[in-house]
Each structure stands twice: as C-alpha cells, then as structure tokens.
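Residue-level structural notes
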Amino acid sequence: MPDTVLLEIARYSPEQDMEPTFESYRVPCPKEWVVLDALNHIKDKVDGTLTYRWSCRMGICGSCGMMVNGEPKLACATFLSSYAKNGNKVRVEPLRYFPVMRDLVTELGGFLDKLASVKPWLIRHDDSPTSGEFLQTPEQLENFRQYSMCINCTLCYSACPVVGLDPEFVGPAAIALAQRYNKDSRDQGAEERMAILAHPEGIWGCTFVGECTQACPKHVDPAGAIQQYKLSAALDWLKSFIMPRRRGEGIHDDNIGNQGRTA
Amino acid sequence: MTISATKEGLHSSTPAYTEFHPRWYRPRVSVYWWLGQWRYLKFILREISSVFVAIFVVVTLFQLRGLLGGPEAYYRFQAWLRTPGAIAINLISFLFVLFHAVTWFNLTPHAMTVRVGGNRVPDFMVAAPNYLAWLVVSAAVAWLVWR
C-alpha cells in the first residue's frame, strides 16, 4: 500500500472566486485513516483555511457528507486506503446539487425546508399527543424503525439526478421521513402528508433511479419508501374513484387507530 | 434583511442582493449528467428500454393485423420480418426488453416489503417469483412454438 495519497480538494471562497478550483495536497495514508482524518491533517498541519463540516467522526451526526471521487460519501466512513490503488489520487468535492457556501460546505436551508414541509411529527386527531402514553408492540416499531434511522446527511440528495434537474423535488430523505411517521401506529397524519406529497414535486417526481438507497450510509432505503408511498397514493386514488364517499378517510387503515393506547 | 433563497428549492437564485450575504456557488447540471457513471447510464438505458418494449408491441399488433388480413397479408408481413432491417429492429428490441425485465425485476424488493411471521423476507426471495413466472411463461411460449 502506498505511504501517501494525493488529495484534490475543491476550494471556493465566495469573496474571491467565481467558481471552485482544485487544490492538491499530499497526505499520509495509514490504513486506519478515513478521508476526514486526511482533511483534519490538512487543516491542522498544512492549510488552516480549508473549510468543511464534521462532528462525531463515527457516522452518527451526518455532517461530513461530500463527494469522494464522484460518489456521495460520509468522509468519516470512507477509508483512504480503499482509494489508494486508484492512481493514489482522491478527489474531494462538496455534495452535488447543493449551493456551495465555501470549500466543502453546502447550504442546507432548502433541504431543511423540504424536511419540515412533510410534517415530520406525530399528528393526532382523536386527542392531544400529551394526553397519555401510547404503547407500541415490537412489530409496530419494526414497521417504521428503518425509516427513523436517517441522519440527514443529504447523501441521497446528491445521488438523485431528479434533485439536480428539478430543484423543487421534495427529495428522498424528506419522503422517507414522511413515511416514517405514516407507518407509526401512533400517527394519524398520513392523509395530510399525502395531500402534500401526492404531487409532481413529491412522490411522482421520483423516477426510481434507486441511487438514493445505494448512497444511504444508514440503510434507510428511501427509494423503497417512495415506491411504497406511490402504491399507497395509487390505491388511495382508486378507492376514492370507486367509492367517492370514502374520500377523506384514512389511507393507512392499519396505522390509524388507538391500538396500544393506554390512557 | 434576511437570508432568503431557500423556499424555492436548492437551486433557487437569491431574489435580491442581500448585504453581507456570501455568494453561493450554484453549479449547473450538465445535459450529459448521465454519461460517465455506469449507474446513471444504466438508469437512462432502463428508461429508454420502454421505447423498445413499445416497438415490440407495435410489431406484434401489425402481425395480428396481417393475420386478420388473410393468408396473403400475413405472408407479406412474414416476408418483411425476414428483411435485415426487421431482424435488426427485433434483435435490438429483444436485448432492451431483456434489460427492461431484469432491471425492473431487481427493483421489486425495494418497491414492496414482504413480511412473513413478522420477519422481512430477504430481497432475493421477493425478486425470485418474478424470474420464476418469467421462466414458466417463456417455457409455455417455447412449447407453443416448437411442439
């Protein structure tokens, strides 16, 4: 294994540059180093102006997402050594399809607005969420647990060409988050979310490229969530078409109700 | 003044110049974004394959029309099928139809979660019935053709 690796890092200074340029740094390549270790090494020892986000360095916080050799990756979970054979060159860029604020830092305001737009909280119609305790069986938890693993790292947005081509598209993580609440036995807001997401900029914007699922470091499977959401939307439409009187009733019959309610 | 450029999506342009607000770099998405990486090229090929599936259907419809038009019309159609152009169209269509079937079958585990006794059925078990059905139908067609 080579001792060093050449890191090509996209640099952008909003005060000086019109567009990003690449700067090369030769860094050591111990086998236990991830891309984030190399960035920290550069910032500490070589160039203190290099700007990037990071926090937990263990795949929990979702801060250090960036493009590594053209693929959306968490810098803390991407080993340098796995790229060492590739001509000893690793290209690091900010996450694709997001506005760049500086160097490797992207602007997340649009993403956060999209997340909030799907009402990612427990919605209750029968009573106040604070009126008592809601019990859940392990099976009911298993129904949505996978979708609750999202760390908002936005890798799925950078993997999705629809996000790039249609900036209004709500996007994989936000739809998976909506599904996380739809599938929660305590939630009664599936219909409200459907009204927001059964839309060309919502679930119907997805063309099932499937790369969001490949990019996800937490195995959330946003592509799966969206396709299942499409099925629910289609069934909902069919039901309202066949039985117009049913319009306005819940779409996830199995999720709505008071199963497990104790108070 | 507030920083406002987020409501309209990731790429919305800042509506007005905002003092002290840094200039964001917004790269344009190339028309050729799908070239260069096999995963995206594969997606585009999968989408284009639907055109060839449609061509296959149209050829079959013309064949049926020939059949309804009597023996002479049918033989004329069969003669057309033997021309190099028709063989090329059929061959390309066939390859795309294969690609279409395989890529979509492989995506079925994402589109549906199957649970048996509370446990999630592994992905290949969800995709397998599709391939099995494909095999059975193909065998039935082969039997019809060669019996």
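Residues numbered from 1 in each chain as written. Chains lettered and ligands numbered in written order. Predicted model: local features only at pLDDT ≥ 70, side-chain atom pairs only at ≥ 80, totals over all residues. Heavy atoms only, no water.

Overview of the pairing of strand β5 (residues 89-93) of chain A
Residue and element names in this part refer to chain A.
- In β5, alternate side chains face the same way, and those of V90 and V92 are buried while those of K89, R91 and E93 on the opposite face are not.
- Relative to β5, strand β1 (residues 4-11) runs parallel, the two sharing 4 bridges. The partner of L6 across the bridge, within β5, is K89.
- Examined bridge by bridge, strand β3 (residues 65-68) and β5 share 2 bridges and lie antiparallel to one another. In the strand pairing of β5, V68 is matched with V92. (Buried < 20%, exposed > 50% of the residue type's maximum accessible area, 1.4 Å probe, protein only. Helix = DSSP H or I, 4+ residues; strand = E, 2+ residues; numbered from the N terminus. Pairing = 2+ DSSP bridges.)

A few points about the domain arrangement of chain A
Residues and elements named next belong to chain A.
- When cut into domains, chain A gives domain 1 (4-106) and domain 2 (109-258).
- Just the C-alpha atoms count here: the centres of domain 1 and domain 2 sit 32 Å apart.
- Listed per partner, the contact involves 14 residues of domain 1 and 16 residues of domain 2.
- For the pairing of domain 1 and domain 2, the buried interface totals around 1000 Å² over both sides, and the portion due to carbon and sulfur atoms is 66%.
- Of all residues in domain 1, the largest losses of buried area upon contact with domain 2 belong to P72, Y97 and F98, amounting jointly to 49% of the total for that side.
- Across the domain 1-domain 2 interface, the total number found is 0 salt bridges. (Domains from an automatic or database assignment. Contact = heavy atoms within 4.5 Å. Buried area = accessible area lost by both parts, 1.4 Å probe. Salt bridge = Lys/Arg side-chain N within 4 Å of Asp/Glu carboxyl O.)

With respect to the sheet that holds β1(A)
Residues and elements named next belong to chain A.
- Ordered in space as β2-β1-β5-β3-β4, the 5 strands form an open sheet in which the pairing is mixed. Taken across any chain shown, the strands that pair with only one partner, and hence form the sheet edges, are β2 (21-28) and β4 (71-74). Averaged over all adjacent pairs, the angle separating strand axes in this sheet is 35 degrees, with direction ignored.
- Each of β1, β2, β3 and β5 is contacted by helix α1 (residues 35-46), which is oriented at about 95 degrees to β2, the strand it contacts most. (Axes fitted to C-alpha atoms, helices over the stretch in contact; angles between N-to-C directions.)

Topic: the interface of chain A and chain B
- Every contact between the two is made by 42 residues of chain A and, on the other side, 28 residues of chain B.
- Overall, the association of chain A and chain B removes approximately 3100 Å² of surface from exposure, summing both partners, and the carbon and sulfur fraction of that is 55%.
- Broken down residue by residue, the surface that chain A buries against chain B is led by A:Y97, A:P99 and A:F208, which jointly contribute 18%.
- Across the contact surface, chain A and chain B share 2 salt bridges.

Notes on the nonpolar core
Residues and elements named next belong to chain A.
- Core analysis: the largest hydrophobic core is formed by 68 residues, its most contacted members being L7, I9, L39, M66 and L80.
- Filtering out sequence-adjacent residues up to four positions away, L39 remains in contact with L7, I9, L50, Y52, M66 and L104.
- Ranked by size, the runner-up nonpolar core spans 5 residues in total, among them Y147, A176, C216 and A225. (Core = buried A, V, L, I, M, F, W, Y, C linked by side-chain atoms within 4.5 Å.)

Digging into the pattern of salt bridges
All names here are of chain A.
- A complete count under the given rule lists 16 salt bridges over all chains for this structure.
- E71 is paired through a salt bridge with K73; the nearest N and O atoms lie 3.6 Å apart.
- The closest approach of N and O atoms between K119 and E192, which form a salt bridge, is 2.9 Å. Of this pair, K119 sits in the loop between α3 (109-117) and α4 (138-145) while E192 sits in helix α8 (residues 190-197), placing them 73 residues apart in sequence.
- Residue classification places E192 among the partly exposed positions, given a relative accessible area of 28%.
- A cluster of three or more residues bridged by salt bridges with shared partners is formed by R11, E23, D47 and D103.

Re a nonpolar patch on the surface
- A cluster of nonpolar side chains, contributed by A:L231, A:L235, A:W237, A:L238, A:F241, A:I242 and A:M243, occupies part of the molecular surface with about 750 Å² of accessible area.
- With respect to the secondary-structure elements, A:M243 resides in the segment after α10 (222-242). (Patch = residues over 30% accessible without salt bridge, like charges linked within 9 Å, V, L, I, M, F, W, Y side chains within 5 Å. Areas by Shrake-Rupley, 256 points an atom, 1.4 Å probe, with all protein chains shown as cover.)

Description of unusual backbone geometry
Residue and element names in this part refer to chain A.
- With a phi angle near 55 degrees, K119 is a residue other than glycine that sits in the positive phi range.
- In this model, H219 sits at a positive phi of 55 degrees, which is unusual for a non-glycine residue.
- Turning to its location among the elements, H219 is positioned in the loop between α9 (211-215) and α10.
- Take H219: its relative accessible area is 63%, and that puts it in the exposed class.

Regarding the packing of aromatic side chains
Residue and element names in this part refer to chain A.
- Using the criterion set out here, one finds 11 aromatic pairs over all chains in the structure.
- Arranged with centres 5.0 Å apart and planes meeting at 85 degrees, the rings of F111 and Y157 form a pair that is edge-to-face. On the criterion of sequence distance, the pair formed by F111 in helix α3 and Y157 in helix α5 (residues 155-159) is long-range, its members being 46 residues apart. Take F111 and Y157: they sit in the same class, and that class is buried.
- Ring geometry for W237 against F241: centres 5.1 Å apart, planes inclined by 15 degrees, an arrangement best described as stacked. (Phe/Tyr/Trp six-rings, centres within 6.5 Å; stacked < 30°, edge-to-face > 60°.)

Describing α8(A)
Residue and element names in this part refer to chain A.
- When we look at burial in α8, the residues that qualify are A190, R193, M194 and L197. With its buried residues spanning 105 degrees around the axis, α8 presents them on a single face.
- Turning to α8, the residues buried within the fold contact α7 (172-182) and α10. (Arc of directions from axis to C-beta.)

Focus: the side chain of A:T154
Residue and element names in this part refer to chain A.
- Within the secondary structure, T154 is located in the loop between α4 and α5.
- With a relative accessible area of 3%, T154 lands in the buried category.
- Not counting residues within four places of it along the chain, the set of residues in contact with T154 comprises L95, F98, L108 and F111.

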